[in-house]
Amino acid sequence: MSEVTGISLISIGAGRMASAIINGLLKNGRYTPQQVMCTCGDDPSGPDLAARTGIHFSSDVGPFIAQASTLLLACKPQQLNTLPESYRQLTEGKLVVSILAGVPLRRLQKVFPQARNIVRTMPNTPGQIGAGVTAYSSLQALIDSDQQSIEAILGALGVFVAVDENELDAVTALSGSGPAYCFAFVEAMRDAGIAMGLSAETASMLAAETLYGSALLLKQSDQSPQALREAVTSPGGTTAAALDVLQQRDFSGLIQSALEAARDRSLELGAQN
């Protein structure tokens, strides 16, 4: 492995999100497999990713960091404290991109004080299939080449948007945790369907496909969510009856309270890092 040259991107971590990024970057031709290297903890994710994609794997990427332009932090947040001290020097002049949840830029800067720039991102799990949304914030203004790198990396997961770092806790609550709310809603619809006499298979299919189709329609339509909702809701009809129940239970207020709880927890976790 010591004779490997031409490494441009090193991923510290090889889990699902790192795999999605690397697969996307290889697919769109941003990098060749020979330009990418990954490492991982005490698990087979790194060797498995290398075997699937043809990228390099090393249990110690330290000797190769000097070659790379970009370091992708995709390990578990708590593993940040276990990275070798040598990385502080080795990442001098490199672009560091973090997908670590709840780890603020100030903390990343302490670990990589000589990086040319650091970008904190908040992706979500649909990024695993290229249908995610990621918000990002950089320590300082991105130069053109780094902006292109960020767009390529995050574009591998789906769509992306730049925000101020102080907005990332709200982003975490909305889109970062958002897939779980959607899955919970589908679960509830499925269970309600079963309770009304549908088979589990039919109820599951109807609930999942309804969410999928509605999301696709919303994305492709030039109408607002409110307009699309009103188009389905005939006065005095079945949809109106259901929405009346949600309104009586303060559905919007409940969602807002849930997101605020997630945001507050994100703030708490960030303060601990």
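Would you take a moment to explain the packing of helix α6 (residues 168–176) against helix α7 (residues 178–195) for this structure?
Helix packing geometry: the angle between the two helix axes and the distance between the axes. Between α6 and α7, whose axes approach to 5 Å, the crossing angle comes to 30°. Comparing their axes, α7 and α6 come out roughly parallel. Contacts between α6 and α7 involve Ala173, Leu174, Ser175 and Gly176 from the former and Gly178, Pro179 and Tyr181 from the latter. Looking at the contact of α6 with α7 residue by residue, the class counts come to 4 nonpolar, 3 polar and no charged.

Help me understand the pairing of strand β1 (residues 9–12) in this model?
Within a regular beta strand, the side chains point alternately toward one face of the sheet and then the other, so they alternate between its two faces. In β1, alternate side chains face the same way, and those of Leu9 and Ser11 on one face and Ile10 and Ile12 on the other are all buried. As paired elements, β1 and strand β4 (residues 70–73) share 4 bridges and run parallel to each other. What sits directly across from Ser11, in β4, is Leu72.

Would you mind going over α7 with me for this structure?
The periodicity of an α-helix, 3.6 residues per turn, causes residues three or four places apart in sequence to face the same way. In this model α7 runs 26 Å from its N-terminal to its C-terminal C-alpha over 18 residues, within 8% of the 26 Å that 1.5 Å per residue would give. Regarding α7, the residues found buried are Gly178, Pro179, Val186 and Gly193. On an axial view of α7, the arc spanned by its buried residues comes to 105°, and they lie on one face. Lining the buried residues of α7 we find α6 and α8 (200–220). In the stretch just after α7, Gly197 is the one whose phi turns positive, near 110°.

What exactly am I supposed to notice about the nonpolar core here?
Most often, soluble globular proteins keep nonpolar side chains buried together rather than apart. The biggest cluster of nonpolar side chains holds 30 residues, and the ones touching the most others in it are Ile21, Leu25, Val36, Ile55, Leu72 and Ile150. Tallying contributions element by element places helix α1 (residues 16–27) first for this core, with 7 residues. Apart from residues no more than four positions distant in its own chain, Leu25 is found in contact with Leu9, Arg30, Tyr31, Ala152, Ile153 and Ala156.

Would you take a moment to explain the pattern of salt bridges for this structure?
Two side chains bearing opposite charge may form a pair once their charged atoms approach each other closely. This structure, assessed with the given rule, holds 6 salt bridges. Across the pair Asp191 and Arg190 runs a salt bridge, and its minimum N-O distance is 2.9 Å. The exposure class assigned to Asp191 is partly exposed, which follows from its relative accessible area of 40%.

How do you make sense of the side chain of Ser175 when you look at a structure like this?
Positionally, Ser175 belongs in helix α6. Overall, the relative accessible area of 17% leaves Ser175 in the buried class. Sequence-distant contacts of Ser175, defined by excluding residues within four places in its chain, comprise Asn124 and Val133.

Looking at this model, I keep getting lost on the packing of α6 against helix α11 (residues 251–272). Mind explaining?
For the pair α6 and α11, interaxial distance at closest approach is 8 Å and the crossing angle is 135°. As far as their axial angle goes, α11 and α6 are oblique. The handedness of the crossing between α6 and α11 is right-handed. On α11, the residues that touch Asp169, Ala170, Thr172, Ala173 and Leu174 of α6 are Leu259, Ala262, Arg263, Ser266 and Leu267. When its residues are assigned to classes, the contact of α6 with α11 shows 6 nonpolar, 2 polar and 2 charged.

Calculation rules
Residues numbered from 1 in each chain as written. Predicted model: local features only at pLDDT ≥ 70, side-chain atom pairs only at ≥ 80, totals over all residues. Heavy atoms only, no water. Axes fitted to C-alpha atoms, helices over the stretch in contact; angles between N-to-C directions. Helix = DSSP H or I, 4+ residues; strand = E, 2+ residues; numbered from the N terminus. Parallel < 35°, antiparallel > 145°, perpendicular 65-115°, else oblique. Contact = heavy atoms within 4.5 Å. Nonpolar A, V, L, I, M, F, W, Y, C, P; charged D, E, K, R; others polar. Buried < 20%, exposed > 50% of the residue type's maximum accessible area, 1.4 Å probe, protein only. Pairing = 2+ DSSP bridges. Expected span 1.5 Å × (residues − 1). Arc of directions from axis to C-beta. Core = buried A, V, L, I, M, F, W, Y, C linked by side-chain atoms within 4.5 Å. Salt bridge = Lys/Arg side-chain N within 4 Å of Asp/Glu carboxyl O. Left-handed = near helix turned anticlockwise from the far one by under 90°.

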